[in-house]
Amino acid sequence: MMLPWLLLIPFIGGLLCWQFELIRPNTAMPRWIALLSMVLLLVMALFLWVSGDYSLSQVVGNTPDWQSQFQLPWIDAFGITFHLALDGLSLIMITLTGLLGIMAVVCSWKEIDRRVGFFHLNLMWVIGGVVGVFLAIDLFLFFFFWEMMLVPMYFLIALWGHESEGKSPVSAAIKFFIYTQASGLLMLVSILGLVFMHYTQTGVFSFDYGILRETPITGVMSWVLMLGFFIAFAVKLPVVPLHGWLPDAHAQAPTAGSVDLAGILLKTAAYGLLRFALPLFPETSQAFAPIAMTLGLVGIFYGGVLAFAQTDIKRLIACSSISHMGFVLIGIYSGTLLALQGVILQMVAHAFSAAGLFMISGQLYERLHTRDMRQMGGLFGRLGALPGFALAFVMASLGMPGTGNFIGEFLILFGAFDVVPWVVVIASAGLVLSAIYSLILMHRVYWGPPREKTTIARLDGREYAMLLSTLVLTIALGLYPQVVLDISQGAMHEVRHWFAVSPSFAG
Amino acid sequence: MNLTLSHLIALLPLLIVCVTVIVVMLGIAWRRHHVVTASLTTIGLNAALVSLLAVLTVTPIRVSPLLLVDNYAVLYMALILIAGLASTTLAHAYLEGFDDQKEEFYMLLGCSVLGGLTMVASDHMLSLFFGLELLSVPLYGMAAYAYRTRLSLESGIKYMVLSAAASAFLLFGMALLYAESGSLAFADLGARLTEGGGHASWLLMGIGMMVIAMAFKLSLVPFHLWTADVYEGAPAPVTAFLATVSKIAVFALLMRLFMSAPVTDIASLHTIVAIIAFLSMMVGNLMALRQDNIKRLMGYSSIGHLGYLLTVVVASDDLALLTTGIYLITYVATTLATFGVIALVSSPWQGSDVASLKFYRGLFWRRPYLAAVMTVMMLSLAGIPMTAGFIGKFYVLATGVEAQLWWLVAGVIIGSALSLYYYLRVMVMLYLHPTEEEQYDASSDWGQRAGGIMVILLALAVLVLGIYPQPMIMLVSSAILG
């Protein structure tokens with residue numbers, strides 16, 4: 001069985017990294033172990049990608065259509081099992097996790113120079129936790145990983161983070177932790193509420209997704225439980241009133257931390273909405289859809305305006321994530337197949353473009369020791385290939401045709417237009433904002449008169465390869481998105497089916 | 001009533017601890033020897049622990065009207081003995097540098113354990129009071145053991161005064177209940193009370209006073225004022241003992257009282273307990289936020305934790321019994337290991353404990369495994385998955401949701417969010433860059449000594465039970481059903 005290994009590789013790899021450092025400090029060994037485990041993870045995911053058959057599962061029955069499963073008894077008293085399962089949606093996310101895991105290891109090769117082993121322990125365990133979130137379909141297990149991955153992320157931000165505007169990374173890390181943990185507990189209460197509801201109806205304790213999905217819930221209770229899930233995911237996504245942790249956490253995290261945060265941690269929230277919030281509470285979610293989409297719209301504009309006002313380059317990119325995730329939220333709650341497929345593409349594409357931009361800001365910081373855009377300017381001629389890459393990623397982020405981001409946004413807007421035309425019209429106006437802040441970013445950092453004549457260290461081979469491969473992926477996704485769409489088709493079909501059971505909502 | 005062999009077997013743990021205390025006392029009178037005394041105590045407590053296996057063959061059994069030895073009692077006896085053993089191992093390393101008589105400490109500890117054992121088996125007001133006093137009185141001496149330091153003496157005296165006040169409440173409450181029901185046995189009491197006919201207000205007052213006394217011992221708001229000072233002043237191994245044994249014994253007894261004497265019928269009492277629980281969660285966690293002394297911080301955090309646990313008293317159903325056992329096991333393991341780390345860093349005794357948070361800065365880079373233990377404990381106290389504390393919190397939330405105590409569930413969530421702030425602060429302190437200030441460390445061979453091994457075992461237990469809690473759940477549920 002491959003599923004438990006997908007999970008174990010990062011955890012074991014992380015422990016090895018740490019032990020190596022304790023036995024023999026100051027070696028590059030932990031980096032290589034970490035890189036190896038990430039490559040292994042990616043290879044296994046790609047193997048599953050090639051060997052599985054994800055596109056044809058159009059038959060939507062009462063049992064979910066898993067490609068492979070793994071189940072062990074765990075806590076019998078509550079009917080909790082160690083239940084992992086894989087379908088197209090989880091596979092895409094895990095492949096993405098593996099890819100960005102490699103990026104994160106490679107981009108911290110020079111940046112992290114103290115406590116290397118312990119750093120990689122934390123990095124690997126974040127990845128392990130995320131893989132767990134994407135694989136778990138027992139709600140207890142899901143929550144287990146959901147909370148567990150916060151701890152290593154906390155360490156990454158608190159210990160290897162940077163000061164920003166006089167704020168210590170520790171306070172940013174604590175803010176991140178408290179936001180996500182408290183909202184996570186709300187989700188735990190919702191899960192328990194759902195389980196006890198199921199228990200009173202059937203007399204059986206179960207935390208299994210497939211079983212709980214059948215529990216009919218109506219009335220106030222379904223609203224309360226649904227909101228418990230929604231708030232937990234909304235904090236992580238983030239949705240606007242709950243986004244307070246994000247700019248700080250991103251700005252103060254080390255590059256690898258930002259890449260992971262923007263690339264995969266935010267995506268766990270969208271995954272959670274698709275996998276759990278919608279199928280478990282279809283009717284309530286539909287009733288809630290207008291509110292969720294409004295929040296998405298607010299996010300698009302608020303995030304854009306916020307990004308525009310930033311002087312710290314990483315904060316700008318972080319705020320632009322809020323805006324991009326607004327599109328994702330609209331896509332998810334519009335519930336058409338086209339929009340849902342767009343959501344998947346948008347997530348993957350945003351992961352690449354945000355990772356690229358964060359890596360570039362990390363490289364700028366290594367060279368200039370500042371992230372303040374007011375102290376940059378005129379860098380275009382002084383940095384070799386780096387500004388060119390920056391331009392490409394900025395174009396991707398603003399949704400230029402030819403990049404995956406364009407396809408994602410286009411599919412979301414196109415798919416949602418049938419259902420909620422006015423929301424789409426307003427959201428499209430938000431694209432203008434993204435053009436504005438993206439161009440401002442380019443303008444402030446790279447254009448204008450150079451401050452000094454000297455050239456700054458150019459990209460070395462490692463940095464060049466890293467950026468180039470990310471760029472290639474972004475463009476490949478834009479030119480041939482069908483690779484991803486084929487895999488997610490079955491899973492999205494099922495989400496749409498569950499979401500659209502009520503006839504009032506033609507999908 | 002005739003005393004048969006099975007009665008003797010049921011009393012075996014109590015007898016063994018009694019004999020241990022007497023042997024230790026005579027040993028001290030004959031010749032003082034620290035290592036021998038500590039070893040004798042350890043052997044005695046271990047023997048008592050093993051004897052519980054024999055006890056299991058005769059349970060449930062009533063030994064005189066005073067004691068009921070059932071699986072429930074055996075479970076908490078085991079927990080008390082383990083906590084006692086852990087405190088003994090910590091005390092051994094700690095007292096090595098102590099510049100006064102070291103040996104009497106173990107005698108006091110043995111007496112106190114005996115009191116705890118009596119309490120969890122008691123089924124009668126008399127044995128309750130007897131056990132509680134036997135538990136508390138040696139604790140005054142233990143808290144003030146380093147009586148030449150002002151803080152320790154102060155802590156002993158504070159604990160004594162407040163305990164005496166609590167005992168007075170307890171006795172008065174018992175007297176009122178006796179006046180109404182004419183019986184001191186829990187079961188009888190419950191039966192008479194449900195027959196009705198008594199004056200409801202007297203009953204409420206009687207039970208209310210008993211609850212107040214217990215709340216003193218459990219340091220629940222508004223009877224918590226002694227906690228931080230006593231936790232801070234008492235020597236670290238004593239604090240470990242105080243924070244575990246006395247809480248286990250009193251809480252196990254409180255649950256038994258609530259389950260066997262159906263005070264459940266008095267709705268207002270439940271409201272009062274719920275208010276106490278909510279206030280404890282809030283006040284404990286809020287007060288802990290600004291602490292720079294890790295022992296004080298743990299004191300306030302214990303208030304919050306007991307507040308969470310009090311949710312089960314309000315629920316008072318079968319799941320609540322299970323939750324009590326699980327939460328106490330996880331809490332005790334976590335608390336013991338936390339104070340274990342503090343005691344190890346403070347060992348051998350040099351005049352006062354290393355409790356200020358700044359001394360722990362950068363501990364990870366000097367003593368990685370010790371700091372890792374502390375990290376796991378902080379995560380467990382905060383209730384993060386992969387640690388036993390999460391299972392405990394999960395059960396408390398499950399109990400709350402099942403009994404639909406939404407206010408208390410909200411309290412647990414808010415309390416946890418608050419508590420994260422200070423647990424994380426302690427945790428990150430271990431990893432920050434060490435400063436140039438004076439450093440305190442556990443001795444470099446801490447891992448090879450009894451206290452160190454005990455702390456590492458507890459940390460492993462916390463991790464294993466967090467990942468695979470099934471054995472613990474089976475154990476506790478068999479103790480409840482049996």
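Residues numbered from 1 in each chain as written. Chains lettered and ligands numbered in written order. Predicted model: local features only at pLDDT ≥ 70, side-chain atom pairs only at ≥ 80, totals over all residues. Heavy atoms only, no water.

As named in an unreviewed UniProt entry, chain B is NADH-quinone oxidoreductase subunit N, taken from Kushneria indalinina DSM 14324. Listed under Sequence similarities (unreviewed entry) in UniProt, the entry text for chain B is "Belongs to the complex I subunit 2 family." Its UniProt record, at the heading Catalytic activity (unreviewed entry), says of chain B: "a quinone + NADH + 5 H(+)(in) = a quinol + NAD(+) + 4 H(+)(out)". (UniProt positions renumbered as here; feature names shortened; annotations may be inferred.)

With an unreviewed UniProt entry as reference, chain A is termed NADH-quinone oxidoreductase subunit M, source organism Kushneria indalinina DSM 14324. Quoted verbatim from the Sequence similarities (unreviewed entry) heading of the UniProt record, the comment on chain A is "Belongs to the complex I subunit 4 family."

This part is about the overall build of chain A. Each helix and strand in chain A was counted, giving 19 helices and two strands. For 507 residues, the compact-globule estimate of 2.2 N^0.38 gives 23 Å, and chain A sits close to it at 22 Å. Along the first, second and third principal axes, the C-alpha atoms of chain A reach 75 × 60 × 45 Å. Counting every position in chain A, which comprises 507 residues, the buried fraction comes to 67%. A fraction of 82% describes how many contacts in chain A between residues 6 or more apart in sequence connect residues 24 or more apart. Element-wise, carbon and sulfur atoms account for 69% of the exposed surface of chain A, whose accessible area totals about 16400 Å². Seen as two clouds, the 23 positive and the 26 negative side-chain charges of chain A have centres 13 Å apart. (Helix = DSSP H or I, 4+ residues; strand = E, 2+ residues; numbered from the N terminus. Rg over C-alpha atoms; globule rule 2.2 N^0.38 Å. Buried < 20%, exposed > 50% of the residue type's maximum accessible area, 1.4 Å probe, protein only. Contact = heavy atoms within 4.5 Å. Areas by Shrake-Rupley, 256 points an atom, 1.4 Å probe, with all protein chains shown as cover. Lys, Arg positive; Asp, Glu negative; His and termini not counted. Charge placed at Lys NZ, Arg CZ, Asp CG, Glu CD.)

Helix and strand content of chain B: 19 helices and two strands. Relative to the globule expectation of 23 Å for 482 residues, the C-alpha radius of gyration of chain B, 21 Å, shows essentially globular dimensions. Among the 482 residues that make up chain B, the fraction classed as buried is 63%. Expressed as a percentage of contacts within chain B between residues at least 6 apart in sequence, the contacts between residues at least 24 apart total 80%. As displayed, chain B offers around 16500 Å² of accessible surface, 70% of which is attributable to carbon and sulfur atoms.

In this section: the environment of C107 of chain A. Residue and element names in this part refer to chain A. Assignment of secondary structure puts C107 in helix 3 (residues 88–107). Overall, the relative accessible area of 4% leaves C107 in the buried class. For C107, the contacting residues outside a window of four places in its chain are T255, A256, M359, E366, R462 and M466.

Residue and element names in this part refer to chain B. Two elements in contact, helix 10 (residues 236–260) and helix 13 (residues 318–346), have axes whose closest approach is 8 Å; the angle formed by their N-to-C orientations is 170 degrees. Taken together, the axis directions place helix 10 and helix 13 in an arrangement best described as roughly antiparallel. Here helix 10 contributes A236, P237, T239, A240, A243, T244, I248, F251, M255 and M259 to the contact with helix 13, which in turn contributes A320, L321, T324, L328, Y331, V332, T335, L336, F339, I342 and A343. (Axes fitted to C-alpha atoms, helices over the stretch in contact; angles between N-to-C directions. Parallel < 35°, antiparallel > 145°, perpendicular 65-115°, else oblique.)

Taken from the UniProt record, the annotation "domain: NADH:quinone oxidoreductase/Mrp antiporter transmembrane" (unreviewed entry) applies to residues 136–431 of chain A. With 77% helix and 0% strand, residues 136–431 of chain A has its two end C-alpha atoms placed 35 Å apart.

Let us look at the side chain of S320 of chain A. Note that S320 of chain A resides in helix 13 (residues 313–334). In this structure, S320 of chain A is in contact with A307 and Y437 of chain A, ignoring residues within four places of it in sequence.

Let's shift gears to the confidence of the model for chain B. Residues and elements named next belong to chain B. For chain B, mean pLDDT is 89; residues scoring 70 or higher make up 96% of the total. Per-residue pLDDT, averaged within each element of chain B, yields its smallest value for helix 7 (residues 186–195) (76) and its largest for helix 4 (residues 104–121) (94). Note on the complex model: pTM 0.91, ipTM 0.88. (pLDDT = per-residue confidence, 0-100.)

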